Amino acid sequence: MNQQLPIRIVSKVVRGYGRGSKDLGIPTANVSRDNLTCSIGSFDELPTGIYWGYARIIADGSSDDSGENKNGQENNNKISGREVYTTAVSIGYNPTYNDKEKTVEPHLIAESTHPQRHASSTGETMLGDFYDAKIVLSVVGYLRPELPFEGLEKLTLAIKKDIEDACSLAKEDNATNKQEREWVLLHQQ
């Protein structure tokens, strides 16, 4: 599996089941399987598991420094299109929920000083909705296998640990981290 990493993905954000935000207080940017380009082939070839990496959201008409989009309207998304976020990424079938369809669900983690860093009900990043926006995602490292959990509380605790681990690994000063962060920041496809 590590031979396949990093995995680079470009797609768009689509609506998921809504469980990340509603059930867990940990929202995700669900990646479209239909509009995907991927460094290792197709969506179905993505290896399942929990990973960490970097992501950037490029909304149509991303806001400028004033917080307004290109139409002069206030942008309710808490994203600029220029910010690279550390991310904890679930790739797979969500065994706690017994899903039959594979999903790619990155949780974007804002810097500790970002006003939305601890805004969710569980103290995690809550950036708003960005459906149909482009997502540029680099899956850099493997954290753990997908596991079924007995109850949402245990699942939430495991995800919070994944977020903590992702933050720690993303801060490491090494060539791969620099390269993948830069790719996410500069990718324009």
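Please refer to the structure higher up on the page.
Residues numbered from 1 in each chain as written. Predicted model: local features only at pLDDT ≥ 70, side-chain atom pairs only at ≥ 80, totals over all residues. Heavy atoms only, no water.

A. View of unusual backbone geometry. Omega for the bond connecting leucine 5 with proline 6 falls within 30 degrees of zero, at 0°, which places this linkage in the cis form. Assignment of secondary structure puts proline 6 in the segment before β1 (7-14). Look at asparagine 98: it is not a glycine, yet its phi comes out positive at around 55°. Here asparagine 98 shows up in the loop between β5 (85-92) and β6 (103-109). Overall, asparagine 98 belongs to the exposed group, its relative accessible area being 56%. (Helix = DSSP H or I, 4+ residues; strand = E, 2+ residues; numbered from the N terminus. Buried < 20%, exposed > 50% of the residue type's maximum accessible area, 1.4 Å probe, protein only.)

B. Seen up close, the packing of aromatic side chains. Enumeration according to the criterion identifies two aromatic pairs in this entry. Taking the centre distance of 5.4 Å and the plane angle of 75° together, the rings of tyrosine 51 and tyrosine 142 count as edge-to-face. A residue pair is termed long-range when its members are at least 10 positions apart, and tyrosine 51 in strand β4 (residues 49-58) and tyrosine 142 in strand β7 (residues 134-144) qualify at 91 residues. For tyrosine 51, a relative accessible area of 0% puts it in the buried group. Look at tyrosine 142 and you get partly exposed, because its relative accessible area is 31%. (Phe/Tyr/Trp six-rings, centres within 6.5 Å; stacked < 30°, edge-to-face > 60°.)

C. Representation of the environment of valine 10 within the structure. Considering the arrangement of structural elements, one finds valine 10 in strand β1. C-alpha separation for the pair valine 10 and leucine 36, spaced 26 residues apart in sequence, amounts to 5.7 Å. Sequence-distant contacts of valine 10, defined by excluding residues within four places in its chain, comprise Asn35, Leu36, Thr37, Lys134, Ile135, Trp183 and His187. (Contact = heavy atoms within 4.5 Å.)

D. Local environment of the pattern of salt bridges. Applying the stated criterion across every chain, the model contains nine salt bridges. For lysine 12, the salt bridge goes to aspartate 132, with nearest N and O atoms at 3.4 Å. Of this pair, lysine 12 sits in strand β1 while aspartate 132 sits in the loop between β6 and β7, placing them 120 residues apart in sequence. A relative accessible area of 55% places aspartate 132 in the exposed class. Between aspartate 99 and arginine 19 there is a salt bridge whose closest N-O contact spans 2.6 Å. With aspartate 99 in the loop between β5 and β6 and arginine 19 in helix α1 (residues 19-22), the pair connects residues that are 80 residues apart, well separated along the chain. Accessibility classification places aspartate 99 together with arginine 19 in one group, the buried group. (Salt bridge = Lys/Arg side-chain N within 4 Å of Asp/Glu carboxyl O.)

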